[in-house]
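So you can see what is in the structure, the chains are spelled out below.
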Amino acid sequence: QQKTQNKTANGFVINGTLQNLNSTKIYLNKISLNTINKIDSANVIDNSFTFQGMVTYPERFVLSFNQHAATVILIVENTSININHLESTAADSIEK
């Protein structure tokens with residue numbers, strides 16, 4: 001997993017690419033105290049997804065998937081963030 005950042009004046013942009021993770025939807029969840037709240041969702045198209053938004057200060061977020069138990073924790077600030085090659089193992093799959 002690689003992550004690169006460039007400062008942006010207008011909020012954050014999270015671009016991601018999935019590999020070996022056949023999920024059709026990804027969720028952006030905010031961590032507040034001991035609670036995780038869904039903030040946004042994106043469809044995964046051609047193994048890629050994008051989220052955009054704005055935060056007042058750097059905050060903890062979690063990416064979660066509709067068909068997998070895997071999660072990714074990140075600190076989000078108003079920057080451009082690229083996340084590449086999120087992978088999963090068969091053990092992470094949830095049968096639906």
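As shown above, the structure is provided for reference.
All of the points below concern the structure found in this document.

Quick notes on the rules
Residues numbered from 1 in each chain as written. Predicted model: local features only at pLDDT ≥ 70, side-chain atom pairs only at ≥ 80, totals over all residues. Heavy atoms only, no water. Helix = DSSP H or I, 4+ residues; strand = E, 2+ residues; numbered from the N terminus. Buried < 20%, exposed > 50% of the residue type's maximum accessible area, 1.4 Å probe, protein only. Areas by Shrake-Rupley, 256 points an atom, 1.4 Å probe, with all protein chains shown as cover. Phe/Tyr/Trp six-rings, centres within 6.5 Å; stacked < 30°, edge-to-face > 60°. Lys NZ or Arg CZ within 6 Å of the ring centre and 35° of its normal. Polar contact = N/O pair within 3.5 Å; in protein donor to acceptor, adjacent residues only side chain to side chain. Core = buried A, V, L, I, M, F, W, Y, C linked by side-chain atoms within 4.5 Å. Contact = heavy atoms within 4.5 Å.

Attention now moves to the overall build of the protein. A count of helical and extended segments in the protein gives zero helices and eight strands. Listing the helices and strands of the protein from first to last along the sequence gives β-β-β-β-β-β-β-β. By residue count, 36% of the 96 residues in the protein fall in the buried class. As presented, the protein carries roughly 6,000 Å² of accessible surface, and 46% of it is formed by carbon and sulfur atoms.

Glycine aside, residues mostly have negative phi angles, and peptide bonds mostly take the trans form. In this model, D46 sits at a positive phi of 55 degrees, which is unusual for a non-glycine residue. With respect to the helices and strands, D46 occurs in the loop between β4 (35-43) and β5 (48-53). By relative accessible area, D46 is classed as exposed at 73%. One non-glycine residue, N47, lies in the positive phi region at around 65 degrees. Tracing the sequence through the fold places N47 in the loop between β4 and β5. With a relative accessible area of 41%, N47 lands in the partly exposed category.

Let's shift gears to the packing of aromatic side chains. Working definition: an aromatic ring pair is given by the centre-to-centre distance plus the angle between the planes. With the rule as written, the count across this model stands at two aromatic pairs. Plain terms: the ring middles of F12 and F61 are 6.3 Å apart, the flat faces sit at 50 degrees to each other, and that makes the pair tilted. One end of the pair, F12, is in strand β2 (residues 12-18); the other, F61, is in strand β6 (residues 59-65), and 49 residues separate them in sequence. Assigned by exposure class, F12 and F61 land together as buried. For K38, the ring lying beneath its charged end belongs to Y27, and the centroid distance is 4.2 Å.

Among the structural elements, N78 can be located in the loop between β7 (68-76) and β8 (79-86). Here the side chain of N78 touches V55 through a polar contact of 2.8 Å, landing on its backbone oxygen.

Formed by 20 residues in total, the largest nonpolar core has its most connected members in I14, I26, F49, F51 and L63. Counting residues per element, the ones that place at least two in this core are β2, β3 (25-32), β5, β6, β7 and β8. Top element by residues in this core is β7. It accounts for four residues. Among all residues touching I26, those that are not within four sequence positions of it are D40, S41, A42, V44, F49, F51, L63, S64 and F65.

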